[in-house]
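This is what each chain is made of:
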Amino acid sequence: IKEKVFEYIDRYIKDVNSNMLVKALVLGDTSLFSEDLNNDLKSNGIVHLFAVSGLHISLFVMLLGLVFKFFNVNDFVSDIIISIFLLLYIVITSFSPSILRASLMFYLSILNKRLFKNIFSALDICSISFIILLIINPFIVFNLGFVLSYLVCFVLILSSDLIKTKNGFLKVLYMSIY
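1. Looking at the packing of helix H4 (residues 54–70) against helix H6 (residues 97–114)
- Packing of H4 against H6 brings their axes to within 7 Å, and their N-to-C directions diverge by 40°. Accordingly, the angle class assigned to the pair H4 and H6 is oblique. Residues Gly 54, Ile 57 and Val 61 of H4 lie in contact with H6, whose contacting residues are Ser 98, Ile 99, Arg 101, Ala 102, Ser 103 and Phe 106.
- The residue makeup of the contact of H4 with H6, split by class, is 5 nonpolar, 3 polar and 1 charged.

2. Structural notes on the packing of helix H1 (residues 2–12) against helix H2 (residues 16–27)
- Where H1 meets H2, the axes come as close as 10 Å, and the angle between the chain directions of the two elements is 145°. With respect to the hand of their crossing, H1 and H2 are arranged in right-handed fashion. For the pair formed by H1 and H2, the contact residues are Val 5, Phe 6, Ile 9 and Asp 10 on the first element and Asn 19, Val 22, Lys 23 and Leu 27 on the second.

3. Some details on the environment of Asp 161
- Looking at the secondary structure, you find Asp 161 in helix H9 (residues 160–164).
- By relative accessible area, which is 56% here, Asp 161 ends up exposed.
- Taking the C-alpha atoms as reference, Asp 161 lies 32 Å from Thr 93; in sequence the two are 68 residues apart.

4. Things to note about a nonpolar patch on the surface
- There is a patch of nonpolar side chains on the surface, built from Ile 1, Phe 76, Val 77, Ile 80, Ile 81, Ile 84, Leu 88, Val 91 and Phe 95 and spanning about 780 Å² of accessible area.
- Assignment of secondary structure puts Phe 95 in the loop between helix H5 (75–92) and H6.
- Overall, Phe 95 belongs to the partly exposed group, its relative accessible area being 48%.

5. Concerning the layout of surface pockets
- If you add up the space inside the largest pocket, you get close to 1,200 Å³.
- Looking at the largest pocket, it is lined by 30 residues, and the ones nearest its centre are Ser 53, Gly 54, Leu 55, Arg 101 and Val 152.
- At the level of elements, H4, H6 and helix H8 (144–158) are the ones that each hand at least two residues to the lining of the largest pocket.
- If you tally residues by element for the lining of the largest pocket, the top one is H8, at 8 residues.
- Its residues assigned to classes, the lining of the largest pocket comprises 18 nonpolar, 11 polar and 1 charged.
- The calculated volume of the second largest pocket comes to roughly 190 Å³.
- In this structure, the second largest pocket is lined by Val 61, Met 62, Gly 65, Leu 66, Phe 68, Lys 69, Val 73, Asp 75, Ser 78, Asp 79, Ile 82 and Lys 113.
- Of all the elements in the fold, those that place two or more residues in the lining of the second largest pocket are H4 and H5.
- Looking at the lining of the second largest pocket, its residues break down into 6 nonpolar, 2 polar and 4 charged.

6. Concerning the pattern of salt bridges
- One pass over the full model with this rule turns up 4 salt bridges.
- Note that Arg 114 and Asp 79 form a salt bridge whose closest N and O atoms lie 2.7 Å from each other. On the criterion of sequence distance, the pair formed by Arg 114 in helix H6 and Asp 79 in helix H5 is long-range, its members being 35 residues apart.
- By relative accessible area, Arg 114 is classed as partly exposed at 30%.
- For Asp 79, a relative accessible area of 9% corresponds to the buried category.
- Each of the salt bridges in this network shares a partner with another, and the network as a whole consists of Asp 79, Lys 113 and Arg 114.

What counts and how
Residues numbered from 1 in each chain as written. Predicted model: local features only at pLDDT ≥ 70, side-chain atom pairs only at ≥ 80, totals over all residues. Heavy atoms only, no water. Axes fitted to C-alpha atoms, helices over the stretch in contact; angles between N-to-C directions. Helix = DSSP H or I, 4+ residues; strand = E, 2+ residues; numbered from the N terminus. Parallel < 35°, antiparallel > 145°, perpendicular 65-115°, else oblique. Contact = heavy atoms within 4.5 Å. Nonpolar A, V, L, I, M, F, W, Y, C, P; charged D, E, K, R; others polar. Left-handed = near helix turned anticlockwise from the far one by under 90°. Buried < 20%, exposed > 50% of the residue type's maximum accessible area, 1.4 Å probe, protein only. Patch = residues over 30% accessible without salt bridge, like charges linked within 9 Å, V, L, I, M, F, W, Y side chains within 5 Å. Areas by Shrake-Rupley, 256 points an atom, 1.4 Å probe, with all protein chains shown as cover. Salt bridge = Lys/Arg side-chain N within 4 Å of Asp/Glu carboxyl O. 1 Å grid on protein atoms, 1.4 Å probe; cavity = no way out; pocket = protein on both sides within 12 Å on 5 of 7 lines; lining within 4 Å. Points joined across faces, edges and corners; volume = space filled by probe spheres on them.

Below, the structure is given as structure tokens:
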């Protein structure tokens, strides 16, 4: 699947720099970056922009959700299609820990909504996903992406009440500080 996605990008994006950026931003593949570019990104402090993360999942889910709403697709069908998409994205991104976390949290949120009538909080869902991933692979705790992904997730969930009470600018400022 991953190879087909790469072939598709190579077929339709001929410009070398654009091709490299699309692969980095969408798939997290920075293998085409030169050593100089990598060093420049690190020295400017923006190398993290090319790491696939839960933000990618949030954007994809939100975008697909809006498209499905526009076309009046039923919520159940929408959830199934998004779930399949996320499963493929997990494979394409080589099981990136932050993508695993975000996708697993999406799946658990769907189960919580459909089966458990929203009895679990966001913190419960984040904690359950953490435990599931630890059971599957205990050594994942040594992956920095895993640790940072959960750290940010827990901080955002725990500070959500504080952030909700602020206006737009203060929300962005608080989220940046946290």
